[in-house]
Amino acid sequence: MIPAERQRAILALLGNQQVISINELTQQLDVSHMTIRRDIAKLEADGRVMSVSGGVQLTESIHIELPHDDKMTQQREEKVKIGLYAAELIRPHTTIYLDAGTTSLEIAHQLTQRSDLTVITNDFAIAAYLMANSDCVLYHTGGKVDRHNQSCIGEKAANLLREMNIDLAFVSTSSWNLRGISTPSEEKVLVKKAIVAAAQHNYLVSDSSKYGRVATFHAVDISSFDKVITDKYFPKSCIQDFAERGVEVIAV
């Protein structure tokens, strides 16, 4: 088989079972471990599969995101740890962006004593919390209101970000893989692209339950991020794949 044929065969096999081990694939396709790993790397870069310990599985497609209030109760412990770690990375007198999401809100919870910061966000919950509990300089992007996620999206929000010089952006997502981050909302793509263009450094903050998911619209390549801050359940076997793309994965 040529590589394209093997890769189609891998996808066909995964259509019949949730996870396939590397050993099983080498036996089924009668090729070496190295050949299978190259095929998996290509499929993973294309966003078709996700590596797991000792094997591979299909990516999970998502078509809608959970409402903000529902997200608050999921992976709570992991999000708190990510927020604690991320806040420690913020140097004095910097301008930061906190993307909409409950993980970013956990970062905001750590900033109540940071009057030296300028914080930009498109998230209403983050803005409300910082207004009530901090003395930072605070900007909200404005723009079209997404009631579902309690944030602003679209061209108006993106325009504000294009006008700002941001030192460090913490970008959230409900779906990410080796290719990058994606979203079910086309209007969120505009905001994500504007963020990474405006910031000197971009950190992806997302718990590992979101890894391996793919939504309709590809937003940002993984190489746009300096670091990924995730939790201890992220598969260690995948960290090197990100490093090869110049992205450090920190699993807290």
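Residues numbered from 1 in each chain as written. Predicted model: local features only at pLDDT ≥ 70, side-chain atom pairs only at ≥ 80, totals over all residues. Heavy atoms only, no water.

- In the annotation of an unreviewed UniProt entry, the entry for the protein reads DeoR/GlpR family DNA-binding transcription regulator, and the organism field reads Photobacterium atrarenae.

1. Describing the pairing of strand 7 (residues 137-140)
- Where strand 6 (residues 118-121) lies against strand 7, four bridges are found, and the strand directions are parallel. Paired with V119 across the bridge in strand 7 is L138.
- Of the crossover connections in this fold, the one passing from strand 6 over helix 7 (residues 124-133) to the parallel strand 7 is right-handed. (Pairing = 2+ DSSP bridges. Helix = DSSP H or I, 4+ residues; strand = E, 2+ residues; numbered from the N terminus. Right-handed = clockwise from strand over helix to strand, strands pointing away.)

2. Structural notes on the packing of helix 1 (residues 3-14) against helix 3 (residues 33-45)
- Packing of helix 1 against helix 3 leaves a shortest axis separation of 10 Å and a crossing angle of 75°. Regarding the angle of helix 1 to helix 3, the classification is roughly perpendicular. On helix 3, the residues that touch P3, R6, Q7, I10 and L11 of helix 1 are T35, I36, D39, K42 and L43.
- For the contact of helix 1 with helix 3, the residue count by class is five nonpolar, two polar and three charged. (Axes fitted to C-alpha atoms, helices over the stretch in contact; angles between N-to-C directions. Parallel < 35°, antiparallel > 145°, perpendicular 65-115°, else oblique. Contact = heavy atoms within 4.5 Å. Nonpolar A, V, L, I, M, F, W, Y, C, P; charged D, E, K, R; others polar.)

3. Points about the sheet that holds strand 2 (residues 49-52)
- Strands sit in the order 1-3-2 across an open sheet of three strands; the sheet is antiparallel. Two strands bound the open sheet, and with one partner strand each, they are strand 1 (19-21) and strand 2. Here the average twist between neighbouring strands, direction ignored, is 30°.
- For strand 2 and strand 3 (residues 55-58), the ladder comprises four bridges, and the chain directions are antiparallel.

4. Notes on the pattern of salt bridges
- Throughout the structure, instances matching the rule amount to nine salt bridges.
- Residue D99 pairs with K192 through a salt bridge whose shortest N-O separation is 2.5 Å. Here D99 is found in the loop between strand 5 (95-98) and helix 6 (102-108), whereas its partner K192 is found in helix 9 (residues 186-198), with 93 residues between them in sequence. As far as burial versus exposure is concerned, D99 and K192 are alike and both buried.
- As a salt-bridge pair, K210 and D207 come within 2.5 Å of each other at their nearest N and O atoms. The burial state of K210 is the same as that of D207; both residues are buried. (Salt bridge = Lys/Arg side-chain N within 4 Å of Asp/Glu carboxyl O. Buried < 20%, exposed > 50% of the residue type's maximum accessible area, 1.4 Å probe, protein only.)

5. Focus: the sheet that holds strand 16 (residues 248-251)
- Pairing is parallel across the open sheet formed by seven strands, whose spatial order is 7-6-5-10-12-15-16. Edge strands, defined here as strands with exactly one partner in the open sheet, are strand 7 and strand 16. Neighbour to neighbour, the strand axes of the sheet diverge by 20° on average, direction disregarded.
- Bridge count between strand 5 and strand 6: four bridges; the pairing is parallel.

6. Describing the nonpolar core
- Residues Y97, L161, I166, W176, I181, F225 and F242 are the most contacted members of the largest nonpolar core, which totals 35 residues.
- Residue assignment for this core shows that the elements contributing at least two residues are strand 2, helix 8 (154-162), strand 10 (166-171), helix 9, strand 12 (199-205) and strand 14 (217-221).
- With near-sequence residues (within four places) excluded, I166 lies in contact with T95, I96, Y97, I120, L161, A198, A199 and Q200.
- By size, the runner-up hydrophobic cluster in this structure holds 20 residues, among which are I90, I96, L130 and V205. (Core = buried A, V, L, I, M, F, W, Y, C linked by side-chain atoms within 4.5 Å.)

7. As for unusual backbone geometry
- The backbone of H93 shows a phi angle near 60°, a positive value even though the residue is not glycine.
- Of note, H93 is situated in the loop between helix 5 (76-88) and strand 5.
- Even without being a glycine, Q150 presents a positive backbone phi close to 55°.
- On the secondary structure map, Q150 appears in the loop between strand 8 (144-146) and strand 9 (151-153).

8. Here's the deal with helix 8
- Those residues of helix 8 not exposed but buried are G154, A157, A158, L160 and L161. Summarising the axial view, the buried residues of helix 8 lie within an arc of 155°, below the 170-degree limit, and thus occupy one face.
- Its buried side turned inward, helix 8 meets strand 5, strand 6, strand 9, strand 10 and helix 9. (Arc of directions from axis to C-beta.)

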